[in-house]
Amino acid sequence: MASLKKFLEKKNYVRVPLVFTSTNHFEIRAKINGQAGRFIVDTGASNTCVSFDKIAYFNLTTRESKVKAAGAGATNMATLVSSKNKLEIGDWKKNKHKLVLFDLVHVNEALQAHKALPVDGIIGADILKKGKAIIDYDKKCLYLRLKPEKEMSPET
């Protein structure tokens, strides 16, 4: 039987390494608008999120949002939204992606209390679903499906 890696590569998936942290999270490196960052992969987060303090770093244009964020012990948190962002995870790319922004101080404080490095944001189910993600927990990697050539636009 072929390995999962070879099988998925034949199905037009790209492999992206994950880092397993001391807090039992998987982290991934990704770029937003050309700027590299560190992100927690969270299958339970509905949206991909970025910390308020990274707006300038990732060159985000934001607007107010009436939606309140909740998670990791915090609720009713104010949010902003940023549209039309370029997201890159390894060789996988998504143009015109909407991001949710909120205060990740409580998340980063919890990470640092466990001797883990702070993160810039969270990769959520929106991206995992769009990329038809497969997580190989044993090999510590994420697979994302590239669009077939016939579906790709000139910008992608």
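The structure under discussion appears in the preceding block.
Residues numbered from 1 in each chain as written. Predicted model: local features only at pLDDT ≥ 70, side-chain atom pairs only at ≥ 80, totals over all residues. Heavy atoms only, no water.

Describe a positive patch on the surface, listing the residues and the values that go with them.
On the surface, a cluster of positive charge is contributed by Lys5, Lys6, Lys10, Arg15 and Lys139. Residue contributions to the positive patch peak at 3 residues, all from helix α1 (residues 4–10). Checked against the element boundaries, Lys5 lands in helix α1. Overall, the relative accessible area of 38% leaves Lys5 in the partly exposed class. (Patch = residues over 30% accessible without salt bridge, like charges linked within 9 Å, V, L, I, M, F, W, Y side chains within 5 Å. Areas by Shrake-Rupley, 256 points an atom, 1.4 Å probe, with all protein chains shown as cover. Salt bridge = Lys/Arg side-chain N within 4 Å of Asp/Glu carboxyl O. Lys, Arg positive; Asp, Glu negative; His and termini not counted. Charge placed at Lys NZ, Arg CZ, Asp CG, Glu CD. Helix = DSSP H or I, 4+ residues; strand = E, 2+ residues; numbered from the N terminus. Buried < 20%, exposed > 50% of the residue type's maximum accessible area, 1.4 Å probe, protein only.)

Let's hear about the nonpolar core: which residues, and what values?
Ranked by internal contacts, the top residues of the largest apolar core, which has 23 residues, are Ile28, Ile32, Phe39, Val50 and Ile89. Element by element, the count of residues in this core is highest for strand β3 (residues 26–32), at 4 residues. The residues touching Ile89, leaving out its near neighbours within four places in the chain, are Val16, Ile28, Arg29, Ala30, Ile123, Ile127 and Leu144. In this structure, Val100, Phe102, Val107 and Ile122 belong to the second largest nonpolar core, which totals 11 residues. (Core = buried A, V, L, I, M, F, W, Y, C linked by side-chain atoms within 4.5 Å. Contact = heavy atoms within 4.5 Å.)

Could you give an account of the environment of Cys49, with specific residues and numbers?
Position of Cys49 among the secondary structure elements: in strand β5 (residues 49–51). Exposure remark for Cys49: the relative accessible area of 8% places this residue in the buried category. Sequence-wise, Cys49 and Val81 are 32 residues apart; in three dimensions their C-alpha atoms are separated by 9.2 Å. Contact partners of Cys49, with chain neighbours within four places excluded, come to Phe39, Val100, Phe102, Asp120, Gly121 and Ile122.

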